[in-house]
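Report on the structure
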Amino acid sequence: MAGPADHPVTCPLCEAMCGLRVHTEGNTVTSIRGDRDDVWSRGHLCPKGTVLGHLHDDPDRLREPMVKRANGEHVPVSWDDAYEEAERVLRPVLERHGARALTVYVGNPVAHNVSLSSYIGGLIGMGQAAGMQTYYSPGTVDQWPLNVVGALLFGGMWNAPIPDLDRTDHLVVLGANPAASQGSMLSTPDVMGKIRGISRRGGRVVVIDPRRTRTAQGADEWVPIRPGTDALLLFAILHTLASNGWVRRPQHLQGRVTGLDDAIAMAAPFTPERVAPVCGVTAVSIRRLTAGLAHAGNPVLYSRIGSCTQEFGSLATWLVFVLNTALGAIDRLGGALFPKPAVWSPMFMKPPDQDAPGWQFGRYHSRVQGIPEVFGQFPISVLAEEIDTPGDGQIRAFISVAGNPVISAPGSARLDAALGTIDAMVSVDNWLNETTRHAHVILPGLSPLERFHADDLYWNYATASCVKWSEPVFAPDSGRPAEWEILLRLSGAVLGTPVPDVDVAAMDDLYVGGLVATLCTSPDTPLAGRDAAASFEALRGVGPERLADLGIRLGPWGDDLGRRPGGLTLDDVRDHPNGLRLGELEGDRLDEVLSTPSGTIELVHPHLTADINRLERRIDREADELVLISRRHLRSNNSWLHNVPALMRGRDRCTVLVHPADAARLDLIDGAPAEITTSAGSLTAPVEVSDEMMPGVVCLPHGWGHGVAGTRLATANTHPGSNSNLLNPPELFDVPSNTQVVNGVPCRVTSAVSQDLRPSGR
Ligand SMILES: Nc1nc2c(c(=O)[nH]1)N[C@H]1C(S)=C(S)[C@@H](COP(=O)(O)OP(=O)(O)OC[C@H]3O[C@@H](n4cnc5c(=O)[nH]c(N)nc54)[C@H](O)[C@@H]3O)O[C@H]1N2
Ligand SMILES: Nc1nc2c(c(=O)[nH]1)N[C@H]1C(S)=C(S)[C@@H](COP(=O)(O)OP(=O)(O)OC[C@H]3O[C@@H](n4cnc5c(=O)[nH]c(N)nc54)[C@H](O)[C@@H]3O)O[C@H]1N2
Ligand code: SF4
Ligand SMILES: [Mo]
């Protein structure tokens, strides 16, 4: 047995990418601390980071494949038997209906797992080559509005500037709670420390949120807002800015922005007086908010999921960048800066199917409802009807990868039922949970401590240019495939080879060779015009290591596959277990970062502005008496950390937060159950009376609803909570981006205490 050892690894649990020190003795983790030597995070960590050992040791974590028997029970089998079973269920569907009858769900942990993030593109790409129409992801309950705005304004769907937290003197946060999330589409270690730093150096932090979150509590000002009305408020701020002559047109943006005056003209109807009653923010406050931004030296706005997963998510997100432009903040120190990722990723490439200049949406439509695609995706809730509605093109085979849509997708009851009837379902997942319990076969990946780790996407939103690569802490049991090998096997199967017979090494060469060839033959890629065979030969290793070598070498500090001697390769990065810090945020980079057809920031685009009519109609709509919003908790991670006992101590977290005035009006008692009902369904949750809420808004966390028969989650199942997505109606989504509305859903709340138990006897 090995003696004590100390392993530097990067935490894979959120976008903060903290460096951790994992101390082990033999096969046991003895402690996990923040790593002060990590070039990026310098010792920061949160409670989640300390539980990687618990995840590794979780007796419920799957170490062997599972196959569903006829009685519905899952039993462990050998890998060979699992591949046979996957073939047995998948092949007849593919033969009879073609790959059109197949779809893939790409869950959130894919983005935090280098094996999956490197190879999911292969599964989707090969699936589409075989005839699969589309795939699904929680992107449409998340940042799809930001992707639309990034693509149209800056040219890339993953291209958007982040607030310069270290230098701004006036930060306005909308729809984000970094105190829980640790920052999203904004990666920085100790994000709350940085936000507090703004106030400490004499600046101001304003949080606009229907709930007085911990982020809002620490801010200089909390502005409660009626859910779903951010776009109205932001339009009114733009209107006020313009009518006072406060729009800034700094030198560095001269000739680099188109459409600012048009956007300002579009703000004309949205006066503070007109939007105030809808937003629940007084006209006086709107003017004060505007003046605060206008008079600050380095103002910047930042918005996140609460401003995305709402009725006008795209317009709200768009207006954040319009305002950042109108304040002269874009690409300027102290404002909104474009990060410079050290590692190039295929994600940063315009997808090959977007072959016209600019971006096209609505190139095809969903089969059942005819919803136009956005970046190849429909709202996630569409998946259920595509499975349960018969006809040509019906989805009959489903591969889920690190996702739990039975919990995370609005309208989840229908998806749950639909998955119960599907002909073939294969899950690449580490737990037997609410979704994977429907799978005919579950193929588990390695634990977070048994695999390499590196991040790609999040460095594109990060406050410094770093590169890190973590080696596995523990060797996996022999004979276990890594997840990239599982994905390649499934990719080969979709192309026609029986699952057990796929030559994974050959598939790896096929995929990476194909990617390199695409890079060499497409314009505007780091390999454009180069020789594909020679470029492929220059790469070292296999699997994610080879792709990481490619990304590092094609990055700004890389060796450009040998053309820039002394530049970095994966081997160099591996020599630096605490990572390499290569650059800090800078301004004046528009030439480098803009890839719109005009080469300018294109603020106005019909795909977005066509939605303004819908927004105007919202003003005259009768107010809902009560609406529901979502929340996150520091000790949860969407649906899947509830099986870690160390994170589950303390009070029940799956409560419905209700303002005291609403509680009194609705006769709700703190701690007692209430029934929450929407057009989609109803559920019961304990009431937590809290003046954190603005009146008229109640709040449930997402990610709960455990305790389902057939799952293997001993701890989670003793704290089941309720699934808030039973309440979120599938038909509510933001039109330009296909993003589901999980904030601002009209609801009713009634006491669920039986009459005779009520203290007053009523
Ligand atoms: N601990 C922990 N960390 C996580 C996660 C987790 O589950 N747990 N999840 C990760 C994931 S997948 C993501 S996408 C990120 C998300 O990161 P964040 O965007 O920071 O997410 P939330 O904490 O949900 O904060 C959203 C805020 O929006 C507010 N809100 C709701 N409706 C509206 C509205 O209409 N207008 C405005 N202005 N605000 C509104 C909510 O009250 C809430 O405070 O977090 C990541 N980090
Ligand atoms: N109402 C409401 N709904 C929401 C949200 C909200 O704010 N409100 N937020 C949305 C957002 S932002 C997101 S990102 C989604 C998340 O939605 P999903 O991605 O569908 O759900 P997760 O809960 O992240 O599920 C992760 C799954 O990955 C598995 N897993 C964990 N680690 C690994 C691994 O290393 N390998 C493999 N193969 N599997 C692994 C877990 O077992 C679990 O099944 O939820 C969305 N749904
Ligand atoms: S903040 Fe995020 S990356 Fe850092 S320890 Fe916590 S979960 Fe891990
Ligand atoms: Mo997310």
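Residues numbered from 1 in each chain as written. Chains lettered and ligands numbered in written order. Predicted model: local features only at pLDDT ≥ 70, side-chain atom pairs only at ≥ 80, totals over all residues. Heavy atoms only, no water.

The next point concerns a negative patch on the surface. A cluster of like negative charges, contributed by Asp-80, Asp-81, Glu-84 and Asp-501, occupies part of the molecular surface. Within the secondary structure, Glu-84 is located in helix α2 (residues 79–97). Residue Glu-84 is classed as partly exposed on the basis of its relative accessible area of 47%. (Patch = residues over 30% accessible without salt bridge, like charges linked within 9 Å, V, L, I, M, F, W, Y side chains within 5 Å. Areas by Shrake-Rupley, 256 points an atom, 1.4 Å probe, with all protein chains shown as cover. Salt bridge = Lys/Arg side-chain N within 4 Å of Asp/Glu carboxyl O. Lys, Arg positive; Asp, Glu negative; His and termini not counted. Charge placed at Lys NZ, Arg CZ, Asp CG, Glu CD. Helix = DSSP H or I, 4+ residues; strand = E, 2+ residues; numbered from the N terminus. Buried < 20%, exposed > 50% of the residue type's maximum accessible area, 1.4 Å probe, protein only.)

Once that is clear, we can look at the environment of Phe-270. With respect to the helices and strands, Phe-270 occurs in the loop between α9 (260–266) and α10 (272–279). A relative accessible area of 0% places Phe-270 in the buried class. C-alpha of Phe-270 to C-alpha of Glu-95: the two residues are 175 residues apart in sequence and 56 Å apart in space. Not counting residues within four places of it along the chain, the set of residues in contact with Phe-270 comprises Leu-232, Phe-235, Ala-236, His-239, Val-275, Ile-612, Leu-615, Glu-616 and Ile-619. (Contact = heavy atoms within 4.5 Å.)

For the rest of this paragraph, the subject is the site of ligand 3. If you check the shell around ligand 3, you find Cys-11, Leu-13, Cys-14, Ala-16, Met-17, Cys-18, Leu-45, Cys-46, Lys-48, Gly-49 and Gln-182 and nothing else. Its residues placed into classes, the shell around ligand 3 shows eight nonpolar, two polar and one charged. (Near = heavy atom within 4 Å. Nonpolar A, V, L, I, M, F, W, Y, C, P; charged D, E, K, R; others polar.)

By way of backbone hydrogen bonds, the strands of a sheet pair with one another, either parallel or antiparallel. With respect to topology, four strands assemble into an open sheet ordered β10-β9-β8-β12, the strand pairing being parallel. The open sheet is flanked by β10 (221–223) and β12 (299–303), the only strands paired with a single partner. The average angle at which neighbouring strand axes cross in this sheet is 15 degrees, direction not considered. Across three bridges, the pairing between strand β9 (residues 204–208) and β10 is parallel. Within β10, the residue paired with Ile-208 across the bridge is Val-223. Strand contacts of helix α11 (residues 283–295): β8 (170–174), β9, β10 and β12, with the helix running at about 135 degrees to β8, the strand carrying the most contacts. (Pairing = 2+ DSSP bridges. Axes fitted to C-alpha atoms, helices over the stretch in contact; angles between N-to-C directions.)

All right, on to the nonpolar core then. With 102 residues, the main nonpolar core has Leu-153 and Trp-318 as its most contacted residues. If we ignore the near neighbours within four places in the chain, the residues touching Leu-153 are Trp-318, Phe-321, Thr-596, Thr-600, Ile-601, Glu-602, Leu-603 and Leu-608. Counting residues in each nonpolar core, the second largest holds 62 residues, with Val-104, Met-126, Val-516 and Leu-561 among its members. (Core = buried A, V, L, I, M, F, W, Y, C linked by side-chain atoms within 4.5 Å.)

Let us now look at the pairing of strand β15 (residues 424–428). The two faces of the sheet receive side chains in turn, since in a regular strand these alternate between them. Across the five residues of β15, five count as buried, placing the element largely inside the fold. Every second residue of β15 is oriented toward a common face, with Ala-424, Val-426 and Val-428 on one face and Met-425 and Ser-427 on the other, all of them buried. Pairing geometry for strand β14 (residues 397–401) and β15, over five bridges, is parallel. Its bridge partner being in β15, Ile-399 is matched across the sheet by Val-426. Of the pairings in the sheet, the one linking β15 to strand β16 (residues 441–442) comprises two bridges and is parallel in character. Paired with Ser-427 across the two strands is Ile-442, which belongs to β16.

This part is about the UniProt feature "domain: 4Fe-4S Mo/W bis-MGD-type" (unreviewed entry) in the protein chain. The UniProt feature table records "domain: 4Fe-4S Mo/W bis-MGD-type" (unreviewed entry) at residues 4–60. Helix makes up 11% of residues 4–60 and strand 37%, with an end-to-end C-alpha separation of 26 Å. (UniProt positions renumbered as here; feature names shortened; annotations may be inferred.)

Another aspect to go through is the site of ligand 1. Around ligand 1, a shell composed of 33 residues is seen, among which Ser-181, Asp-209, Asp-230, Ser-636 and Asn-638 lie nearest. Between an oxygen atom of ligand 1 and a side-chain N or O atom of Asp-209, the distance comes to 2.6 Å. The separation between a nitrogen atom of ligand 1 and a polar main-chain atom of Ser-636 is 2.6 Å. Classifying every residue of the shell around ligand 1 gives eleven nonpolar, 15 polar and seven charged. (Polar contact = N/O pair within 3.5 Å; in protein donor to acceptor, adjacent residues only side chain to side chain.)

Two numbers describe how helix α17 (residues 504–521) lies on helix α19 (residues 543–554): the axes approach to 10 Å, and their chain directions differ by 15 degrees. In terms of axis orientation, α17 runs roughly parallel to α19. Here α17 and α19 pass one another in a crossing that is right-handed. Contacts between α17 and α19 involve Asp-508, Asp-509, Tyr-511, Val-512, Leu-515, Val-516 and Leu-519 on the former and, on the latter, Gly-543, Arg-546, Leu-547, Leu-550 and Leu-554. For the contact of α17 with α19, a count of residues per class yields eight nonpolar, one polar and three charged. (Parallel < 35°, antiparallel > 145°, perpendicular 65-115°, else oblique. Left-handed = near helix turned anticlockwise from the far one by under 90°.)

The N-to-C vectors of helix α16 (residues 483–495) and α17 enclose an angle of 85 degrees; their axes lie 9 Å apart at closest approach. Taken together, α16 and α17 sit at an angle that is classed as roughly perpendicular. Residues Trp-484, Glu-485, Leu-488, Arg-489, Ser-491, Gly-492 and Leu-495 of α16 form the contact with α17, whose own contacting residues are Val-504, Met-507, Asp-508, Leu-510 and Tyr-511. Among the residues making up the contact of α16 with α17, the classes are represented as seven nonpolar, two polar and three charged.

Following the sequence through the fold, Thr-463 ends up in the loop between β16 and β17 (464–467). Within the structure, the side chain of Thr-463 is placed 2.8 Å from the side chain of Thr-188, a separation counted as a polar contact.

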